[in-house]
Amino acid sequence: MAKGDRFSINQQLSAIQAAFVIIVSIGVLLRLLNLSGKFFWIDEAFTAFRLSGFTESDLLQAWTDAPLITAGDLLQYQFPAAGTSFVTTIRELAVHEPQLPPLYFVLTRWWVQLLGDSIATIRSFSVLTSIAALPMLALLSRELFVSKLPAYIAVALMAVSPFQVLYAQEARPYSLWTLGVIAMSWSLLWALRSRTWQVWLIYGVLATLTLYTFVYTVFVLLAHSVYVGWQQRSHWRPFSVTAGLSALLFLPWVGVIVQNRQAGLDSTAWQLQSAQQPYLALPLQWLLNITRSFVDFEQTYAFGLNQLWPYGLVVLGAIAGVSYSVYRLVKTTPPDCWGFLLLLVVIPALGVILPDLFLGGQQSTATRYFVPCWVALVLIVACALTSIGSQRYGKWLLSGIVALGLLSCLSNLLSIGGWHKTGTYIPPVSQVINETPAPFLISGGDIWILAFSHYLNPETPMLMLTQTDDRLRVPQGYSHYFVYSISEAWQIGLTQSGFQLATFDQLDQVPLWCLLSPGQPAQPCPPEL
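Residues numbered from 1 in each chain as written. Predicted model: local features only at pLDDT ≥ 70, side-chain atom pairs only at ≥ 80, totals over all residues. Heavy atoms only, no water.

Enquirer: What's the story with the overall build of the chain in this structure? I'm lost.
Expert: Each helix and strand counted, the chain has 22 helices and 6 strands in total. Relative to its length of 529 residues, the chain is compact, with a C-alpha radius of gyration of 26 Å against a globular reference of 24 Å. For the chain, the spread of C-alpha atoms along the principal axes amounts to about 90 × 50 × 45 Å. Carbon and sulfur atoms provide 63% of the accessible area of the chain, an area that totals close to 23600 Å². Considering the chain, the positive charge centre built from 25 side chains and the negative charge centre built from 26 side chains are found 22 Å apart. (Helix = DSSP H or I, 4+ residues; strand = E, 2+ residues; numbered from the N terminus. Rg over C-alpha atoms; globule rule 2.2 N^0.38 Å. Areas by Shrake-Rupley, 256 points an atom, 1.4 Å probe, with all protein chains shown as cover. Lys, Arg positive; Asp, Glu negative; His and termini not counted. Charge placed at Lys NZ, Arg CZ, Asp CG, Glu CD.)

The following block contains the structure:
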């Protein structure tokens with residue numbers, strides 16, 4: 001090779017490395033920005049409550065003994081309390097939310113105890129695991145592909161993936177699950193290559209930890225089993241022993257799920273509700289889920305059965321790009337490479353989708369349940385872009401995908417909510433209550449009040465109603481009364497006592513009212529200040 005050619009190649013590599021460093025740095029920064037500004041919604045409030053070490057009985061008893069509290073009093077139930085331990089966290093998950101294995105919650109509890117109590121601290125553990133997933137993805141890519149270039153591209157794509165950035169800022173286990181899926185997949189390929197029991201042991205440990213992060217890891221383990229049986233049959237014995245031991249170590253939590261299955265069904269009741277026009281709505285949602293790994297402008301454009309245009313073009317373009325990437329993967333890589341990635345897409349996806357198709361339900365509308373698929377898709381697209389990278393349109397295509405990811409992340413950065421959160425009415429409603437002179441809030445003890453408490457002034461007085469109360473005693477001396485999420489029986493009791501419940505303007509689907517005293521003339525709700 002001529003000296004000039006070597007210099008030109010070195011220049012290209014330097015440019016690729018420089019661009020890679022810039023993109024990944026921006027991706028890390030996006031995960032850190034506005035960490036405490038995003039809406040702390042009900043799922044995250046549940047996380048905080050589980051970390052606290054308090055039980056639901058503790059909360060109910062406290063409200064029964066002292067129903068008059070302030071919003072600030074609720075915050076103590078959302079951070080680790082002195083005298084409590086991670087054992088309580090595990091026990092409460094087992095009893096009330098057995099579908100959630102405890103590893104993430106235990107690790108986050110220790111993290112918060114180490115760094116302090118705040119929303120940013122709780123979320124920062126997810127940020128850490130999301131960042132750690134980037135170099136781990138590079139290791140997985142190096143095991144799959146001969147060239148280093150797919151690793152650079154895959155890490156860059158994941159760094160600015162809208163889905164990955166959104167969940168990096170969530171106090172939920174999905175970023176840790178992403179890291180676990182990547183790590184156990186990398187260790188499997190490493191073990192198959194090295195053929196040493198030490199590496200198989202690493203795979204077993206990582207598989208067990210990932211199982212204890214999220215239960216749908218069983219589909220990843222199944223995908224690995226099919227892959228080894230199909231492409232690496234000579235390694236079936238060490239794999240079956242290691243995977244079997246991991247499954248055996250997870251059996252205690254399987255027993256917890258079986259024993260407390262009703263609590264798990266109650267916690268995930270929304271998954272069993274049938275979607276409207278499921279055979280049309282569900283496939284559209286699956287296509288949208290795929291799109292979210294690369295582009296996400298849903299803050300601006302809606303997409304669904306009733307509004308396919310114009311965002312449908314974005315979804316269609318993304319699906320076409322992913323389909324072409326799969327074609328390029330199969331065409332340019334051996335079966336042991338494309339087989340591994342396609343199995344990592346197909347089996348976990350079927351594990352989530354098939355129950356909805358045969359039993360009814362809508363769990364497959366939740367993008368977060370397809371984490372293994374998104375890991376594989378990023379690698380598939382990276383492989384395709386590598387195969388056409390020497391052509392000018394390939395470079396432009398890569399630049400376009402990265403740019404769309406960056407713009408999507410910047411768009412989401414400016415929003416307090418997003419498609420992955422519900423209850424985003426809470427911050428603006430809280431602002432109204434905070435600006436009201438002498439407000440008073442009555443709540444029926446709905447767990448949503450924990451999310452509410454982060455946005456109300458800490459001194460805001462509240463009355464917590466429980467099922468053990470037999471009559472309502474509304475304290476006097478406040479200018480405006482607000483009612484949040486009380487039972488129908490309490491609503492009837494209030495109206496029979498002469499009170500009026502006025503629905504918040506433009507929030508008629510939300511269990512939030514202004515309370516007017518008997519004989520008080522009708523007023524706007526919220527009050528005009």
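There is more to say after this.
Enquirer: What's the story with the nonpolar core in this structure? I'm lost.
Expert: If you look at soluble globular proteins, the nonpolar side chains tend to sit buried side by side. Within the largest apolar cluster, 142 residues are counted, with the highest numbers of intra-cluster contacts made by Leu-137, Leu-140, Leu-144, Phe-340, Leu-341, Ile-449 and Tyr-484. If we skip the residues at most four places from it in the chain, Leu-341 touches Leu-144, Phe-145, Leu-329, Ala-376, Leu-379 and Ile-380. One finds Leu-463, Tyr-481, Phe-499 and Leu-515 within the second-largest nonpolar core, a separate group that totals 13 residues. (Core = buried A, V, L, I, M, F, W, Y, C linked by side-chain atoms within 4.5 Å. Buried < 20%, exposed > 50% of the residue type's maximum accessible area, 1.4 Å probe, protein only. Contact = heavy atoms within 4.5 Å.)

Enquirer: Explain the sheet that holds strand 5 (residues 500-503) here, please?
Expert: Within a sheet, each strand pairs with its neighbour through backbone hydrogen bonds, oriented either parallel or antiparallel. In spatial order, the strands read 1-3-2-4-6-5; together these 6 strands make up an open sheet with mixed pairing. Each of the sheet's edge strands pairs with one partner strand only, and the pair in question is strand 1 (68-70) and strand 5. Between one strand and the next, the sheet's axes are offset by a mean angle of 35°, whatever the strand orientation. Sheet analysis places strand 2 (residues 439-443) next to strand 4 (residues 480-484), joined by 5 bridges and oriented parallel. Bridge pairing in strand 4 places Ile-442 opposite Val-483. (Pairing = 2+ DSSP bridges. Axes fitted to C-alpha atoms, helices over the stretch in contact; angles between N-to-C directions.)

Enquirer: I'm lost on the pairing of strand 6 (residues 512-516) in this one. Help?
Expert: Along any regular strand, the residues point their side chains to alternate faces of the sheet. Buried residues dominate strand 6, accounting for 5 of its 5 residues. Examined bridge by bridge, strand 5 and strand 6 share 4 bridges and lie antiparallel to one another. Note on strand 6: the bridge partner recorded for Leu-501 is Leu-515.

Enquirer: How should the state of the cysteines be read in this particular structure?
Expert: What makes a disulfide is a covalent bond joining the sulfur atoms belonging to two cysteines. Enumeration according to the criterion identifies 1 disulfide in this entry. At a sulfur-sulfur separation of 2.1 Å, the disulfide partner of Cys-514 is Cys-525. Because the sign of the S-S torsion sets the handedness, a value of about 85° for the bond joining Cys-514 and Cys-525 places this disulfide among the right-handed ones. Remark: Cys-525 occurs in the segment after strand 6 and Cys-514 occurs in strand 6; sequence separation between them is 11 residues. Residue classification places Cys-514 among the buried positions, given a relative accessible area of 6%. For Cys-525, a relative accessible area of 9% puts it in the buried group. Cys-373 forms no disulfide, and the closest cysteine sulfur to it belongs to Cys-337, at a distance of 17 Å. Residue classification places Cys-373 among the buried residues on the basis of a relative accessible area of 1%. (Disulfide = S-S within 2.5 Å.)

Enquirer: Help me out: how do you make sense of the side chain of Asn-260 in this one?
Expert: The residue Asn-260 is located in the loop between helix 13 (236-259) and helix 14 (261-267) in this model. Polar contacts involving the side chain of Asn-260 include one to the main-chain carbonyl oxygen of Ala-94, which spans 2.8 Å. (Polar contact = N/O pair within 3.5 Å; in protein donor to acceptor, adjacent residues only side chain to side chain.)

Enquirer: Explanation requested: helix 16 (residues 311-332) in the structure shown.
Expert: Three or four residues apart is the spacing at which side chains of an α-helix point the same way, because the helix has 3.6 residues per turn. With 22 residues, helix 16 ought to run about 32 Å at 1.5 Å a step, and its terminal C-alpha atoms sit 32 Å apart, in line with that. Buried residues in helix 16 make contact with helix 15 (278-291), helix 17 (335-359) and helix 18 (371-387). (Expected span 1.5 Å × (residues − 1).)

Enquirer: Hey, could you run me through the packing of aromatic side chains in this one?
Expert: The relative placement of two aromatic rings is captured by the distance of their centres and the angle of their planes. Tallying each qualifying case throughout the model produces 34 aromatic pairs. With a centroid separation of 4.8 Å and 75° between ring planes, the pair formed by Phe-452 and Tyr-484 is classed as edge-to-face. Note that Phe-452 is positioned in helix 21 (residues 448-452) and Tyr-484 in strand 4, a separation of 32 residues in sequence. Exposure class is identical for Phe-452 and Tyr-484. Each is buried. Each member of the aromatic cluster is reached from another via a ring pair, and the members are Phe-163, Tyr-167, Tyr-174, Trp-177, Phe-214, Tyr-216, Phe-219, Trp-270, Tyr-369 and Trp-419. We note Arg-292 situated over the ring of Trp-419; from NZ or CZ to the ring centre the distance is 3.7 Å. (Phe/Tyr/Trp six-rings, centres within 6.5 Å; stacked < 30°, edge-to-face > 60°. Lys NZ or Arg CZ within 6 Å of the ring centre and 35° of its normal.)

Enquirer: When you look at the environment of Lys-38 in this model, what are you seeing that I'm missing?
Expert: You can see Lys-38 is positioned in the loop between helix 1 (3-32) and helix 2 (42-52). Judged by its relative accessible area of 5%, Lys-38 is buried. Along the backbone, Lys-38 and Ile-426 are 388 residues apart, and their C-alpha atoms lie at a distance of 12 Å. With residues up to four places along the chain from it excluded, the contact list for Lys-38 reads Arg-123, Gln-169, Asn-412, Leu-413, Ser-415, Ile-416 and Tyr-455. Within the local environment of Lys-38, its side chain forms a polar contact with the backbone oxygen of Asn-412, the two atoms lying 3.3 Å apart.

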